[in-house]
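# Examining the three-dimensional arrangement
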Amino acid sequence: MSDLVQTLPQPVFSRSFGSGPRQMLAVHCSLAHSGTWRGFTEAMEGAVTVSAFDLLSHGRSPDWDGEGDYQDRNTEAGLSLMPDEPVDLIGHSFGATVVLRMALARPEKVRSLILIEPVLFRVALEDDPEVAQRTRDDSKPFMEAFAAGDAALAARLFNRAWSSGAPRWPDLPEATRDAMTRAIHIVPACDAAVYQDRPGVLRPGVLQGLDVPVLLLRGSETQPVIAVVNEGLAQRLPNARSEVIAGAGHMVSITHPAETAAAVRAFWGD
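Notes on the structure follow.

Rules and cut-offs
- Residues numbered from 1 in each chain as written.
- Predicted model: local features only at pLDDT ≥ 70, side-chain atom pairs only at ≥ 80, totals over all residues.
- Heavy atoms only, no water.
- Helix = DSSP H or I, 4+ residues; strand = E, 2+ residues; numbered from the N terminus.
- Rg over C-alpha atoms; globule rule 2.2 N^0.38 Å.
- Buried < 20%, exposed > 50% of the residue type's maximum accessible area, 1.4 Å probe, protein only.
- Contact = heavy atoms within 4.5 Å.
- Areas by Shrake-Rupley, 256 points an atom, 1.4 Å probe, with all protein chains shown as cover.
- Lys, Arg positive; Asp, Glu negative; His and termini not counted.
- Charge placed at Lys NZ, Arg CZ, Asp CG, Glu CD.
- Polar contact = N/O pair within 3.5 Å; in protein donor to acceptor, adjacent residues only side chain to side chain.
- Salt bridge = Lys/Arg side-chain N within 4 Å of Asp/Glu carboxyl O.
- Phe/Tyr/Trp six-rings, centres within 6.5 Å; stacked < 30°, edge-to-face > 60°.
- Lys NZ or Arg CZ within 6 Å of the ring centre and 35° of its normal.
- Core = buried A, V, L, I, M, F, W, Y, C linked by side-chain atoms within 4.5 Å.
- Expected span 1.5 Å × (residues − 1).
- Disulfide = S-S within 2.5 Å.
- Pairing = 2+ DSSP bridges.

All right, on to the overall build of the protein then. The number of helices and strands found in the protein is 13 helices and eight strands. A globule of 270 residues ought to have a C-alpha radius of gyration of about 18 Å, and the protein, at 17 Å, matches this closely. Once the C-alpha set of the protein is aligned to its principal axes, its extents read approximately 45 × 40 × 35 Å. When the 270 residues of the protein are sorted by exposure, 52% land in the buried category. A separation of at least 24 residues holds for 74% of the contacts in the protein among residues at least 6 apart in sequence. For the protein, the exposed area adds up to about 11,400 Å²; of that, 49% sits on carbon and sulfur atoms. Taken as two groups, the 24 positive and 34 negative side-chain charges of the protein have centres that lie 1 Å from each other.

So, about the side chain of Asn74. Positionally, Asn74 belongs in helix 2 (residues 70-81). Residue classification places Asn74 among the buried positions, given a relative accessible area of 0%. At 3.1 Å, the side chain of Asn74 forms a polar contact with the backbone nitrogen of Leu56. Not counting the four nearest positions on each side in its chain, Asn74 is found in contact with Phe53, Leu55, Leu56 and Val98.

Going through the model one piece at a time under the given rule, you end up with 15 salt bridges. The partner of Lys140 in a salt bridge is Asp137, and the shortest N-O contact between them spans 3.6 Å. Judged by relative accessible area, which is 47%, Lys140 ranks as partly exposed.

A few words now on the packing of aromatic side chains. Evaluated as defined, the whole model comprises seven aromatic pairs. Aromatic pair Trp37 and Phe40: ring centres 6.0 Å apart, planes at 80 degrees, arrangement edge-to-face. Neither Trp37 nor Phe40 differs from the other in exposure class; each is buried. Through successive ring pairs, a cluster of aromatic residues spans Trp64, Tyr70 and Phe94. Seen from the ring of Trp268, Arg22 lies directly overhead, with NZ or CZ sitting 3.7 Å from the centre. Sitting over the ring of Tyr195, Arg136 keeps its end group 3.6 Å from the ring centre.

Grouped together as the largest cluster of nonpolar side chains are 63 residues, with contacts concentrated most on Leu89, Leu113, Leu115, Phe121 and Leu233. The element best represented in this core is helix 3 (residues 94-105), accounting for seven residues. If we skip the residues at most four places from it in the chain, Leu233 touches Leu115, Pro118, Leu120, Val123, Leu207 and Leu216. Counting 22 residues, the second largest nonpolar core, distinct from the first, contains Ala26, Val48, Ile90 and Ala248.

Next up on the list: helix 2. Here helix 2 contains twelve residues, and its C-alpha end-to-end distance of 17 Å stays within 8% of the 16 Å for a straight helix at 1.5 Å per residue. Among all positions of helix 2, only Tyr70, Gln71, Arg73, Asn74, Thr75, Ala77 and Gly78 are buried. On its buried face, helix 2 is in contact with strand 3 (22-27), strand 4 (48-53), helix 3, helix 9 (186-189) and helix 10 (191-194). Residue Asp69 occupies the N-cap position of helix 2, its side-chain oxygen lying 3.0 Å from the main-chain nitrogen of Gln71.

One turn of an α-helix holds 3.6 residues; hence residues three or four places apart share an orientation. Over its 13 residues, helix 11 (residues 224-236) runs 19 Å from end to end, which matches the ideal 18 Å to within 8%, given 1.5 Å per residue. The complete set of buried residues in helix 11 reads Val225, Ile226, Val228, Val229, Asn230, Gly232, Leu233, Ala234 and Arg236. Buried residues along helix 11 sit against strand 6 (110-116), helix 4 (122-127), helix 5 (129-138), helix 7 (151-162), strand 7 (214-219) and strand 8 (240-245).

A separate point is unusual backbone geometry. We note that Glu45 has phi near 55 degrees; this positive angle belongs to a residue other than glycine. Considering the arrangement of structural elements, one finds Glu45 in the loop between helix 1 (38-43) and strand 4. Relative accessible area serves as the criterion here: at 65%, Glu45 is assigned to the exposed category.

Right, let's get into the state of the cysteines. Under the definition given, this model contains zero disulfides. As a non-bridged cysteine, Cys29 has Cys190 as the owner of its nearest cysteine sulfur, 11 Å distant.

Burial analysis of strand 5 (residues 87-92) places six of its six residues in the buried class, which makes it a mostly covered element. Here strand 5 shows a buried face lined by Val87, Leu89 and Gly91 and a second buried face lined by Asp88, Ile90 and His92. Direction of pairing for strand 3 relative to strand 5: parallel, over a ladder of four bridges. Along strand 5, the bridge assignment pairs Met24 with Asp88.

Shape descriptors only; they carry no functional weight alone.
Listed below in structure tokens is the structure:
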């Protein structure tokens, strides 16, 4: 376990799992922490060493200071962890949007890119506005609770919407609920990246120029918007394939680590 270099505006906590020969760098989903990659690493059966860090306002990293753009700041943290040799990047949900940004910034360092349930909703806004709007409408209770200053209720509603296949809010340990409540303020801050595409990921030619092998994964029981996002990204990326893990929801890499690991191994084998 270690801290990133102090040249970052806010150093973040990082740690490693496993001791296999293949180096991976992982970024977790919103309201979680780097420890969620432990099960996946174990399911890789000694093949990988996974380095992971806690997003700002998550785990043992400091609370985001509100300066700059939230996705930018975490992308900078991830780039600081990139090794000199080629690495496999893997990210879940918002973490998948971070590793995509990292791959675009350092494509020569990326051996492969695994995007699990990426929440780049701008793809859906362009490809299927009706599904995108339905997702927006479904999030209104969460946004109302957040606007009213009820962080705990906002966290509970967000968890209910996206935790399919994972424990329900009342079944979560108090410490986990507190951690989710602590981090809930970052969700609206992600809109500039995931809905508006402020970084320009979807500008013509950007994704089309990322010629690294990409695996897009989603659960069969996830939100409909994720299927639109994954298929839209698969069409834009020149070397991508999209797969579905049966029976899994949005939290697929946490609830189905063995199936996720099997999909990654098969992807590398091909």
